[in-house]
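For reference, the chains in residue letters:
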Amino acid sequence: MANEAVKFVWEGAIPLQIHLHKSEVASHPAPPPALVLAPRIGYLPLLVSLIKPYFKDSLPPGEDSIWFDYKGFPLKWYIPTGVLFDLLCAEPERPWNLTIHFRGYPSNILIPCEGEDSVKWNFVNSLKEAAYIINGNCKNVMNMSQSDQEDLWTSVMNGDLDAYTRLSPKLKMGTIEDEFSRKTSLSSPQSRQGGAEMDVAGQVKTARIPVRLYVRSINQDFENLEDTPEIDTWDEISYLNRPVEFLREEGKCFTLRDAVESLLPEYIGDRAQTSEEEGEKRTKDGSEEKDGSPMTGEIKLVRIQGIEMKLETPFSWVVNNLMNPEFYLHISVLVRTPQR
Amino acid sequence: MDMRKTADLFAPPMDPISDGRLTLEGFSVAARAFADKWKRHNQSFPPWSWVPLINRTLLVSNKQEEGYLSLEKIFILSSLEESPEEESLDVTPDFLDKEESIDHTILVQNVENEAHYYDFHIVYSASYGVPVLYFRGYCSDGKPLSLDVIKKDLPSSSVSLLLESKWTFITQEEHPYLNRPWFKLHPCGTEEWIKLLSQRSSSGGCQMPVELYLVSWFSVVGQVVGLRITLEMLN
């Protein structure tokens, strides 16, 4: 039986308002935008069957090669929709206005997408990579029967948490269990295997956790999120596909902050605080410029599954409850880069 | 090099290289050693350069940068028409015979030749703990080449290696840092054949020194894309 947080993740959805790109409108009047509720843990290409009916009468003749953009910014289709939203909309926009294209795929920027098959391949690949990180090998995924793999994918596509909860124990992914995480997790604790070191009590001492970190850097001060400048290219976002080494020490809690800092060492220490926490605890940071702007960088915001996280949250709880179905934890971070 | 330092370079934490994997720090060391040896022994090729990732400093005492190796704009004159007797261009210089440092086999028969350029990047995969080869081909106008066209540029031996080997398969994926589609030689199984290589080269239970990791790795992987190392690099 899945817990509340996991249900929250699976039921999370983003209202989208999808506009057909004006160059592709071949009818008069132009069709109104499509309104679609997109699952956070899903992917944009999977929504095409819902969207196309709105526009098929307006399209110019020819073959479809579908892609999406946000304010002219092409969207990477293999990133879960919720992550795209958390990353690109500093101030959440509801509904989120996107543009769909049926022609002119930007193949110099985006890798090709052949609909559901591509998304599924990407999902299974990520699952294998996560398995490799957690267990040291991909055997658990490779050993899953073809029909189980299909069913697992279908459960993700359909947002069917019950089906997923039945099937995912077959994956035998290790999980973190410590006094800070909830007992229930997506995988059965009894089926934990893998290369992680175990201490006498059978609790995992060190583990590698699959994490995908998306860092958006802003080099100017801003008071409100809606004041953040718009993104022009993906080059403004640093993507880190790197496991977090989860360290379990007696009596110490490995927090989300510890995890993020291990991936972004340049934001370590007292300097690394979310804006909220800075208000609560004024540190005597002597390293300020005369004009008051900080010399060091600052983590402004950490978002997971649409939630603005407190950095002191135990990382084990975050992983067990907020990871995506392919066992990756996607973290969107907004940082303020240090002044030069 | 003392044993503890060596152990730090191979992951994780106490596993020797027989596990076939590298740490991020180990990759940096191995990469520079590889680039050095290549420069010294493979002079008909341009050298590999180390591309640092800006702002990414390794959390180690020597504060080395993270980065990847890059070899770009390798020129191949591609013939656009095929015939059974024609041999595709072999870009592997033969250094065993210093008299003839470059071996070209081009049969030009009333065909159009197109200039193709290739970029190769060796990037570290933190997930798999091994290096991964990314590559792409393009025309002089920058237009990217499809995998089918690229395969035609490869020596026939590479193509058969690709098709028959269970270790190598190529997918089109996004470059981990450049936000563009590149081709990637899949890392699955890398640590297994690295293990085989190090077992064969070691005697009396010595580990493969980390400086040779990329050389050994490339001795296999390079062949898939028609790039060869020289024997001297293995010393």
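In the annotation of an unreviewed UniProt entry, chain A is listed under the name Autophagy protein 5 and assigned to Eutrema salsugineum. Chain A has a UniProt comment under Sequence similarities (unreviewed entry) that states "Belongs to the ATG5 family."

S.K.: Before we go on, may I ask you to explain the pairing of strand E3 (residues 113-125) of chain B in this structure?
M.R.: It is a general feature of regular strands that their side chains alternate between the two faces of the sheet. Residues and elements named next belong to chain B. Within E3, 10 of the 13 residues are buried, which leaves it mostly tucked inside the rest of the structure. Of the strand pairs in this sheet, E3 and strand E4 (residues 130-139) are connected by 10 bridges, and their pairing is antiparallel. Residue pairing across strands places Asp-119 opposite Arg-136, the latter belonging to E4. Two successive antiparallel strands, E3 and E4, enclose a turn made up of 4 residues, where Gly-129 displays a positive phi of approximately 70°.

S.K.: Which parts of the structure should I look at to understand the packing of helix H2 (residues 24-41) of chain B against helix H6 (residues 213-224) of chain B?
M.R.: The axes of two packed helices give the description: the angle between them and the distance between them. Residues and elements named next belong to chain B. Running from N to C, H2 and H6 point in directions that differ by 65°, and their axes come no closer than 7 Å. Judged by the inter-axis angle, H2 sits roughly perpendicular to H6. On H6, the residues touching Phe-27, Ala-30, Ala-31, Phe-34, Lys-37 and Trp-38 of H2 are Tyr-213, Leu-214, Val-215 and Phe-218. The class makeup of the residues in the contact of H2 with H6 is 9 nonpolar, no polar and 1 charged.

S.K.: Which parts of the structure should I look at to understand the sheet that holds strand E5 (residues 96-101) of chain A?
M.R.: Paired through their backbone hydrogen bonds, the strands of a sheet run either parallel or antiparallel. Residue and element names in this part refer to chain A. Taken in spatial order, the 5 strands of this open sheet run E2-E1-E5-E3-E4, and their pairing is mixed. Sheet topology places strand E2 (34-39) and strand E4 (73-74) at the edges, where each strand pairs with a single neighbour. Strands strand E1 (13-20), E2, strand E3 (67-70) and E5 of the sheet are contacted by helix H2 (residues 48-55), whose axis makes an angle of about 175° with E2.

S.K.: Can you walk me through the packing of aromatic side chains in this structure?
M.R.: Aromatic ring pairs: the centre-centre distance and the angle between the two ring planes describe each pair. Evaluation of the coordinates by the stated rule reveals 28 aromatic pairs over all chains. Seen in terms of ring centroids, Trp-48 of chain B and Phe-218 of chain B are 5.7 Å apart; in terms of plane orientation they differ by 85°. Their pairing is edge-to-face. A residue pair is termed long-range when its members are at least 10 positions apart, and Trp-48 of chain B in the loop between H2 and strand E1 (49-57) and Phe-218 of chain B in helix H6 qualify at 170 residues. Among the residues examined, Phe-218 of chain B registers a relative accessible area of 1% and is labelled buried. Looking at Lys-76 of chain A, its charged tip hangs above the ring of Trp-234 of chain A, at a distance of 4.4 Å from the centre. The ring centre of Tyr-328 of chain A lies 3.8 Å from the NZ or CZ of Arg-212 of chain A, which sits over that ring.

S.K.: Just to check I follow, could you spell out the environment of Lys-73 of chain B for this structure?
M.R.: Residue and element names in this part refer to chain B. Structurally, the position occupied by Lys-73 is in strand E2 (residues 65-79). Its relative accessible area of 56% is what places Lys-73 among the exposed residues. C-alpha of Lys-73 to C-alpha of His-116: the two residues are 43 residues apart in sequence and 8.7 Å apart in space.

S.K.: Looking at this model, I keep getting lost on unusual backbone geometry. Mind explaining?
M.R.: Geometrically, the link from His-28 of chain A to Pro-29 of chain A is a cis peptide bond, its omega value of -5° lying close to zero. In this structure, the amide linkage connecting Arg-94 of chain A to the following residue, Pro-95 of chain A, adopts the cis form with an omega of 0°. Following the sequence through the fold, Pro-95 of chain A ends up in the loop between helix H3 (81-88) and E5. The residue Lys-71 of chain A is not glycine, and still its phi comes out positive at about 50°. Along the chain, the position of Lys-71 of chain A falls in the loop between E3 and E4. The backbone of Lys-73 of chain B shows a phi angle near 60°, a positive value even though the residue is not glycine.

S.K.: What am I meant to see in the nonpolar core here?
M.R.: Side chains of a nonpolar character, in soluble globular proteins, are inclined to be buried together. If you look at the biggest cluster of nonpolar residues, it comprises 93 residues, and the most contacted ones within it are Leu-75, Leu-88, Trp-96, Phe-315 and Leu-329 of chain A. Per element, the largest residue contribution to this core is 8 residues, and it comes from helix H4 (residues 116-135) of chain A.

S.K.: Where do I start with the sheet that holds strand E13 (residues 329-336) of chain A in this structure?
M.R.: Residues and elements named next belong to chain A. One open sheet accounts for 5 strands, arranged E9-E8-E13-E11-E12; its pairing is mixed. Two strands close off the open sheet at either side, each with one partner strand: strand E9 (237-241) and strand E12 (307-308). Here strand E8 (residues 211-218) runs beside E9; their pairing, made up of 5 bridges, is antiparallel. Counted as the bridge partner of Val-215 is Ser-238 from E9.

S.K.: Where do I start with the environment of Glu-245 of chain A in this structure?
M.R.: Residues and elements named next belong to chain A. Mapped onto the fold, Glu-245 is located in strand E10 (residues 244-247). A sequence separation of 71 residues divides Glu-245 from Gly-174, and the C-alpha atoms of the two residues are 14 Å apart. Among residues more than four places away in sequence, those in contact with Glu-245 are Ala-207, Arg-208 and Phe-254.

S.K.: Looking at this structure, I do not really get the environment of Lys-195 of chain B. What am I missing?
M.R.: Residues and elements named next belong to chain B. In this structure, Lys-195 sits in helix H5 (residues 190-201). The class of Lys-195 is partly exposed, set by a relative accessible area of 26%. Separated by 13 residues in the primary sequence, Lys-195 and Met-208 have C-alpha atoms spaced 9.5 Å apart.

S.K.: What is the right way to read the confidence of the model for chain B from this model?
M.R.: In low-pLDDT segments, the atomic positions of the prediction should not be examined closely. All names here are of chain B. When pLDDT is averaged along chain B, the result is 74, and 65% of the positions lie at 70 or above. When mean pLDDT is compared element by element in chain B, E4 scores highest at 93, while helix H1 (residues 3-9) scores lowest at 49. Segment residues 11-18: pLDDT under 50, and 11 contacts once partners within four positions in sequence are set aside and those in other chains are kept. Between residues 83-103, whose pLDDT stays under 50, and residues either more than four places distant or in other chains, the model counts 39 contacts. For this predicted complex, the interface score ipTM comes out at 0.81, while the overall pTM is 0.82.

Each value, and the rule that gives it
Residues numbered from 1 in each chain as written. Chains lettered and ligands numbered in written order. Predicted model: local features only at pLDDT ≥ 70, side-chain atom pairs only at ≥ 80, totals over all residues. Heavy atoms only, no water. UniProt positions renumbered as here; feature names shortened; annotations may be inferred. Buried < 20%, exposed > 50% of the residue type's maximum accessible area, 1.4 Å probe, protein only. Helix = DSSP H or I, 4+ residues; strand = E, 2+ residues; numbered from the N terminus. Pairing = 2+ DSSP bridges. Axes fitted to C-alpha atoms, helices over the stretch in contact; angles between N-to-C directions. Parallel < 35°, antiparallel > 145°, perpendicular 65-115°, else oblique. Contact = heavy atoms within 4.5 Å. Nonpolar A, V, L, I, M, F, W, Y, C, P; charged D, E, K, R; others polar. Phe/Tyr/Trp six-rings, centres within 6.5 Å; stacked < 30°, edge-to-face > 60°. Lys NZ or Arg CZ within 6 Å of the ring centre and 35° of its normal. Core = buried A, V, L, I, M, F, W, Y, C linked by side-chain atoms within 4.5 Å. pLDDT = per-residue confidence, 0-100.

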